[in-house]
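Observations on chain architecture
So the chains spell out like this:
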Amino acid sequence: YFEHAVNTACLLVDFSVNRFLIHGHHLFPMLLWTCFYCIFIWTQHIFTDFWPYFFLELKPIALAWYTAILGVHLIVFGLAHQISRIKKRYVGDIDIHYSGDLDEALLV
């Protein structure tokens, strides 16, 4: 799990120095991505009989594990959202608004 720790550290550094902010409406795509990943893993297991993480196995304890995973996702999202609010308060309004014009997005 060492690669997850390194990846998390890199994401934290990137998030702290970039201009992007996290808003409440970003919660739905994050949860949707998590659901798609679980469905992908279930489908992969059907064909390969392999579970990449022990807590994704569909056993009687699975409901507790999936609830815990949901809780961790919500906690981490809440922390990222709060850090984003603090970043906006101290750095100013740095949020990027994309209107759909690619040239405008590249100039920002």
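Residues take numbers from 1 onward in each chain, read along the sequence in its written order. Under the rules for a predicted model, residues below a pLDDT of 70 receive no local features and side-chain atom pairs below 80 are neither given nor counted, while totals for whole chains, interfaces and linings still include all residues. Hydrogens are left out, water is left out, and the side-chain values use all remaining heavy atoms of the structure.

1. Quick look at the side chain of K87
- Secondary structure is summarised from DSSP: a helix means a run of H or I of at least four residues, a strand means a run of E of at least two, and numbering begins at the N terminus for each. Considering the arrangement of structural elements, one finds K87 in helix α3 (residues 62-91).
- Among buried charged residues, K87 stands out as having no salt bridge; its nearest opposite-charge side chain is D14, 8.4 Å away.
- Reaching out from K87, the side chain makes a polar contact with the side chain of N18 at a distance of 3.2 Å. Burial here depends on accessible area, computed with a 1.4 Å probe over protein chains only, as a share of the maximum for the residue type. Under 20% is buried, over 50% is exposed, and the range in between is partly exposed. When charges are tallied, Lys and Arg are placed among the positive residues and Asp and Glu among the negative ones, while His and the ends of the chain are skipped. What makes a salt bridge here is a side-chain nitrogen of Lys or Arg within 4 Å of a carboxyl oxygen of Asp or Glu, nothing more. For this analysis, a polar contact is any N or O atom pair within 3.5 Å, provided that within protein one partner can donate a hydrogen and the other can accept it, and provided that sequence-adjacent residues contribute only side-chain to side-chain pairs.

2. Focus: α3
- Spanning 30 residues, α3 covers 43 Å between terminal C-alpha atoms, matching the ideal 44 Å at 1.5 Å per step.
- Only heavy atoms enter the contact rule, under which two residues are in contact if any of them lie within 4.5 Å. Residues of α3 that are buried sit in contact with α1 (2-17) and α2 (27-48). Each helix should span, by expectation, one fewer than its residue count multiplied by 1.5 Å.

3. Let's talk about the confidence of the model for the protein chain
- For every residue, the predictor states its confidence as a pLDDT score lying anywhere from 0 to 100. When the pLDDT values of the protein chain are averaged, the result is 84; 83% of them are 70 or greater.
- Mean pLDDT across the secondary structure elements of the protein chain bottoms out at helix α4 (residues 102-107), with 51, and peaks at α2, with 93.

4. Some thoughts on the nonpolar core
- The set of buried Ala, Val, Leu, Ile, Met, Phe, Trp, Tyr and Cys residues whose side-chain atoms join them within 4.5 Å is what this entry labels a nonpolar core. The biggest cluster of nonpolar side chains holds 9 residues, and these are C38, I41, W51, Y53, F55, L56, A62, Y66 and I69.
- If one sorts the elements of this core by residue count, α3 sits on top with 3 residues.
- Setting aside its immediate chain neighbours within four residues, F55 contacts W65, Y66 and I69.

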